[in-house]
Amino acid sequence: MASVHESLYFNPMMTNGVVHANVFGIKDWVTPYKIAVLVLLNEMSRTGEGAVSLMERRRLNQLLLPLLQGPDITLSKLYKLIEESCPQLANSVQIRIKLMAEGELKDMEQFFDDLSDSFSGTEPEVHKTSVVGLFLRHMILAYSKLSFSQVFKLYTALQQYFQNGEKKTVEDADMELTSRDEGERKMEKEELDVSVREEEVSCSGPLSQKQAEFFLSQQASLLKNDETKALTPASLQKELNNLLKFNPDFAEAHYLSYLNNLRVQDVFSSTHSLLHYFDRLILTGAESKSNGEEGYGRSLRYAALNLAALHCRFGHYQQAELALQEAIRIAQESNDHVCLQHCLSWLYVLGQKRSDSYVLLEHSVKKAVHFGLPYLASLGIQSLVQQRAFAGKTANKLMDALKDSDLLHWKHSLSELIDISIAQKTAIWRLYGRRKSCSLSPPSTMALQQAQMLLSMNSLEAVNAGVQQNNTESFAVALCHLAELHAEQGCFAAASEVLKHLKERFPPNSQHAQLWMLCDQKIQFDRAMNDGKYHLADSLVTGITALNSIEGVYRKAVVLQAQNQMSEAHKLLQKLLVHCQKLKNTEMVISVLLSVAELYWRSSSPTIALPMLLQALALSKEYRLQYLASETVLNLAFAQLILGIPEQALSLLHMAIEPILADGAILDKGRAMFLVAKCQVASAASYDQPKKAEALEAAIENLNEAKNYFAKVDCKERIRDVVYFQARLYHTLGKTQERNRCAMLFRQLHQELPSHGVPLINHL
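Residues numbered from 1 in each chain as written. Predicted model: local features only at pLDDT ≥ 70, side-chain atom pairs only at ≥ 80, totals over all residues. Heavy atoms only, no water.

Trainee: Any chance you could explain the overall build of the chain here in plain terms?
Mentor: Each helix and strand in the chain was counted, giving 35 helices and two strands. Across the 764 residues in the chain, those meeting the buried criterion constitute 49%. Working note: accessible area of the chain is about 37600 Å², and carbon and sulfur atoms make up 54% of it. (Helix = DSSP H or I, 4+ residues; strand = E, 2+ residues; numbered from the N terminus. Buried < 20%, exposed > 50% of the residue type's maximum accessible area, 1.4 Å probe, protein only. Areas by Shrake-Rupley, 256 points an atom, 1.4 Å probe, with all protein chains shown as cover.)

Trainee: I'm lost on a negative patch on the surface in this one. Help?
Mentor: Taken together, the side chains of Glu109, Asp113, Asp114, Asp117 and Glu125 make up a negatively charged region of the molecular surface. Here aspartate 114 shows up in helix H6 (residues 105–115). (Patch = residues over 30% accessible without salt bridge, like charges linked within 9 Å, V, L, I, M, F, W, Y side chains within 5 Å. Salt bridge = Lys/Arg side-chain N within 4 Å of Asp/Glu carboxyl O. Lys, Arg positive; Asp, Glu negative; His and termini not counted. Charge placed at Lys NZ, Arg CZ, Asp CG, Glu CD.)

Trainee: Mind showing me how you'd approach helix H25 (residues 534–547) here?
Mentor: Note on helix geometry: an α-helix contains 3.6 residues per turn, so any two residues three or four positions apart are oriented the same way. Helix length check: H25, at 14 residues, gives a terminal C-alpha distance of 20 Å against a target of 20 Å (1.5 Å per residue), a fit within 8%. In the structure, H25 departs most strongly from a straight axis at valine 541, where the bend amounts to approximately 25°. Every buried residue belonging to H25 is among Tyr534, Ala537, Leu540, Val541 and Ile544, and all of these are buried. On its buried face, H25 sits against helix H24 (513–530), helix H26 (549–562) and helix H34 (716–733). (Expected span 1.5 Å × (residues − 1). Bend = angle between axes of the 7 residues up to and from the residue. Contact = heavy atoms within 4.5 Å.)

Trainee: Sorry if this is basic, but what is going on with the confidence of the model for the chain here?
Mentor: One rule of thumb: low pLDDT means the predicted coordinates there are not for detailed reading. Overall, the predicted model of the chain reaches an average pLDDT of 80, with 83% of residues at or above 70. Looking at the elements of the chain, mean pLDDT is at its lowest for helix H1 (residues 3–10), recorded as 28, and at its highest for H26, recorded as 94. In this model, residues 1–26 is a region of pLDDT below 50 whose contacts with residues beyond four sequence positions or in other chains number 57 contacts. In the predicted structure, residues 287–293 sits below a pLDDT of 50 and forms 15 contacts with residues beyond four places in sequence or in another chain. (pLDDT = per-residue confidence, 0-100.)

Trainee: How do you make sense of the nonpolar core when you look at a structure like this?
Mentor: A general tendency of soluble globular proteins is for nonpolar side chains to be buried together. Among the nonpolar cores identified, the biggest contains 96 residues, and Leu502, Val592, Leu653 and Leu675 are the most heavily contacted of them. It is helix H28 (residues 586–602) that provides the largest number of residues to this core, a total of eleven residues. With sequence-adjacent residues up to four places away left out, leucine 502 is seen in contact with Ala476, Leu479, Cys480 and Trp516. In this structure, Tyr33, Val52, Phe111 and Tyr161 belong to the second largest nonpolar core, which totals 48 residues. (Core = buried A, V, L, I, M, F, W, Y, C linked by side-chain atoms within 4.5 Å.)

Trainee: Before we go on, may I ask you to explain the side chain of glutamine 726 in this structure?
Mentor: In this structure, glutamine 726 sits in helix H34. A polar contact of 3.5 Å, which involves the side chain of glutamine 726, links it to the side chain of lysine 707. (Polar contact = N/O pair within 3.5 Å; in protein donor to acceptor, adjacent residues only side chain to side chain.)

Trainee: For this particular structure, what's the right way to read the side chain of arginine 555?
Mentor: Locating arginine 555 in the fold gives a position in helix H26. Taking the relative accessible area as the measure of exposure, arginine 555 reaches 9% and is therefore buried. Ignoring sequence-local partners within four residues, the contact set of arginine 555 consists of Lys522, Phe525, Asp526, Val541 and Ile544.

Trainee: Explain the state of the cysteines to me, please; I cannot follow it from the model alone.
Mentor: A complete count under the given rule lists zero disulfides for this structure. Cysteine 480 takes part in no disulfide bond, and the closest cysteine sulfur, belonging to cysteine 519, lies 4.5 Å away. Assessed through its relative accessible area of 7%, cysteine 480 is described here as buried. (Disulfide = S-S within 2.5 Å.)

Trainee: Where do I start with helix H33 (residues 689–712) in this structure?
Mentor: Over its 24 residues, H33 runs 35 Å from end to end, which matches the ideal 34 Å to within 8%, given 1.5 Å per residue. Within H33, burial applies to Ala695, Leu696, Ala699, Ile700, Asn702, Leu703, Ala706, Tyr709 and Phe710. Downstream of H33 by a residue or two, aspartate 714 has a phi angle that is positive, lying close to 55°.

Trainee: So what exactly am I meant to see when it comes to unusual backbone geometry here?
Mentor: Note: most residues except glycine have negative phi, and most peptide bonds are trans. One non-glycine residue, serine 413, lies in positive phi territory at about 55°. Along the polypeptide, serine 413 turns up in the loop between helix H19 (395–412) and helix H20 (415–431). Positive phi outside glycine occurs at lysine 584, with the angle close to 60°. Among the secondary structure elements, lysine 584 is positioned in the loop between helix H27 (566–583) and H28.

Trainee: Is there a simple way to think about the packing of aromatic side chains in this case?
Mentor: For any pair of aromatic rings, the description consists of the separation of the ring centres together with the inter-plane angle of the planes. Applying the stated criterion to the full structure yields nine aromatic pairs. Ring centres 5.7 Å apart and planes at 80° place the aromatic pair phenylalanine 111 and phenylalanine 112 in the edge-to-face group. The pair phenylalanine 111 / phenylalanine 112 is uniform in exposure class, with both members buried. For the ring pair phenylalanine 674 and phenylalanine 725, a centre distance of 5.6 Å and an interplane angle of 85° mean the geometry is edge-to-face. With phenylalanine 674 in helix H32 (residues 666–683) and phenylalanine 725 in helix H34, the pair connects residues that are 51 residues apart, well separated along the chain. (Phe/Tyr/Trp six-rings, centres within 6.5 Å; stacked < 30°, edge-to-face > 60°.)

Trainee: What is the right way to read the pattern of salt bridges from this model?
Mentor: A side chain with one charge can pair with a side chain of the opposite charge if their charged atoms come near. One pass over the full model with this rule turns up 21 salt bridges. Residues arginine 555 and glutamate 551 are paired through a salt bridge, measuring 2.8 Å at the closest nitrogen-oxygen approach. Here arginine 555 pairs with glutamate 551, and both are found in helix H26, just four residues apart, close to one helical turn. Grouping residues by exposure puts arginine 555 and glutamate 551 together as buried.

Trainee: Quick question: what am I supposed to make of the packing of H6 against helix H7 (residues 131–144) here?
Mentor: In a packed pair of helices, the relevant descriptors are the angle between the two axes and the axis-to-axis distance. The interhelical angle for the contact between H6 and H7, taken along N-to-C directions, is 135°, at an axis separation of 10 Å. One finds that H6 runs oblique with respect to H7. When you trace H6 past H7, the crossing you get is left-handed. Where H6 approaches H7, its residues Met108, Glu109, Phe112 and Leu115 are matched on the opposing element by Leu136, Met139, Ile140 and Tyr143. Here the contact of H6 with H7 is built from residues that sort into seven nonpolar, no polar and one charged. (Axes fitted to C-alpha atoms, helices over the stretch in contact; angles between N-to-C directions. Parallel < 35°, antiparallel > 145°, perpendicular 65-115°, else oblique. Left-handed = near helix turned anticlockwise from the far one by under 90°. Nonpolar A, V, L, I, M, F, W, Y, C, P; charged D, E, K, R; others polar.)

Here you go:
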């Protein structure tokens with residue numbers, strides 16, 4: 001930090017821009033708030049051990065450090081903090097400050113003269129080298145260097161500080177007296193707390209060097225670990241602008257401004273703050289020599305690298321590539337292998353859609369290990385595992401690679417990467433819910449286990465009381481997986497609780513809020529479709545598209561298909577299919593193919609659907625997507641049923657139904673059992689009467705099971721189809737009472753829900 005600007009920022013004793021107190025090199029000064037803290041320290045030393053209990057003294061000692069390091073606060077807030085720790089001492093401090101403020105200037109002079117007695121004697125009350133001792137010595141020295149006019153200004157400021165505090169205390173008392181009931185009192189108190197915090201931000205003057213550094217480190221830590229406890233983006237930016245007004249070359253403040261602008265996705269301001277941060281590092285000489293050259297060379301190449309990362313974050317890939325090329329050029333000239341390794345990792349991020357990107361990634365991991373960069377090496381392994389997972393590699397090889405990265409994490413205590421690794425395992429097990437499982441436990445169970453392990457690990461590492469650890473992307477991803485897994489099993493109340501926790505932990509203006517927003521929209525969409533409320537599902541498509549364009553287009557086509565707008569749905573699905581094939585999004589390609597096939601058989605063209613289904617089955621087998629393969633076989637069986645060969649359809653079903661019943665979503669289980677019943681009924685047409693009755697009874701049992709599954713997810717539309725089939729079967733078997741019960745239920749649901757406009761047999 002430049003010494004030229006230190007005085008302008010760290011000393012408030014200015015008149016018309018002329019600094020009065022900095023000629024002595026003082027980096028701290030006396031303020032009315034610090035006088036109040038000095039009074040607290042003096043009262044603590046004068047109070048005997050018997051007057052204050054051990055628990056109260058412990059609370060006071062815990063309170064002292066934030067009071068000494070933090071920014072100035074209002075007197076009423078200080079009284080409140082002291083009263084929470086020791087009510088008796090709060091009263092003494094209030095009386096002492098009142099006597100000083102309502103007395104004369106000599107009272108303040110005498111108070112500072114008496115402070116020096118704390119260090120006298122063979123056993124002084126305060127050690128000179130302790131935290132409290134250093135604070136007292138700084139205040140005594142700063143006060144002794146003030147001129148008479150500055151002392152008078154300080155005493156006037158103390159009187160104003162006391163009067164404002166008394167006025168605030170009276171207002172607080174009046175507000176408590178006028179509150180009518182308990183709910184109103186609670187609401188007003190919360191509003192009062194908010195106003196006090198805003199007042200502290202707005203009325204706090206220039207901070208000292210230690211206060212500024214403490215404020216910046218505290219806010220940066222909160223932004224990383226618990227964003228909800230940090231100041232709001234507007235309040236934090238206002239405070240940072242206040243800091244930079246007194247010292248424009250405060251590099252750390254520019255960097256925190258960059259992080260704050262990232263929270264609100266402000267690309268212009270974040271770029272501006274990032275460039276200013278590196279400019280100030282160069283101008284102030286804050287960077288030491290690195291790799292045999294001046295620090296400004298190091299700042300230049302890392303500035304270009306950070307600028308590339310920023311553009312990549314906002315999707316400006318062309319600008320990111322240009323900035324990355326500049327960083328590589330400067331790093332090569334400086335022979336900075338560490339910077340080059342970071343550049344190599346970002347080259348992979350920018351080019352990961354290319355077919356040869358894995359070569360860059362493997363090279364990056366080897367070089368990172370060679371240069372002793374465990375963080376980069378682990379990130380490279382994680383990216384390689386993710387790429388291989390989408391390429392259809394076997395699960396055991398992926399888990400072995402993750403085990404190697406976990407060894408790096410624990411060896412080097414990389415706690416952040418431990419969280420990322422567990423979240424990665426959760427995602428892989430969810431993906432292998434659609435693939436051939438290599439474990440005796442179902443993939444959904446393993447995904448739940450990994451997600452809960454991540455939550456438990458975070459609870460073991462508390463930063464401070466009231467601050468939650470690691471509110472990072474990995475934590476949000478794990479919670480979103482939990483919400484989706486519960487929703488798939490029909491536990492919508494549990495999914496809502498998880499989403500509620502996500503909303504509290506990641507507010508809408510936080511950087512990871514888009515994850516739970518998309519998860520919430522998808523769950524609401526599925527529930528609306530299950531309930532037959534297509535207009536509500538259609539209104540949710542806009543929000544899904546804003547968060548994920550591919551998912552939004554696919555769900556728009558699903559809604560159009562449900563509303564019997566077949567031509568519009570077909571056009572959307574064809575465009576989406578071409579787009580996903582270019583992006584190599586295999587799972588979405590298979591889902592689109594299945595939807596197109598459903599369009600064809602609902603249009604009474606099952607033969608045209610067969611090539612689509614066979615293509616989807618081939619892709620599922622190639623990428624080991626066994627769950628999607630089972631779903632495709634389910635659709636093939638339905639196509640065979642429509643074509644009039646129910647026996648072959650039933651044999652196909654026996655091959656595909658096991659993975660679905662073992663680990664599938666509740667809705668898929670119901671569809672599978674419903675299809676089994678349809679095939680049994682169709683096959684029984686050629687049986688003799690006793691065998692036919694037995695087959696129909698078995699079909700009714702399967703229909704009851706399917707109805708129970710559909711009821712768990714509140715899928716009234718499919719329940720209507722099931723009870724229609726049951727009524728027909730009961731009529732064939734001559735069971736009039738059961739038939740009438742099913743017919744009445746069908747009539748109620750049919751009046752409540754819109755009709756398909758297509759035969760029920762053509763709906764899977």
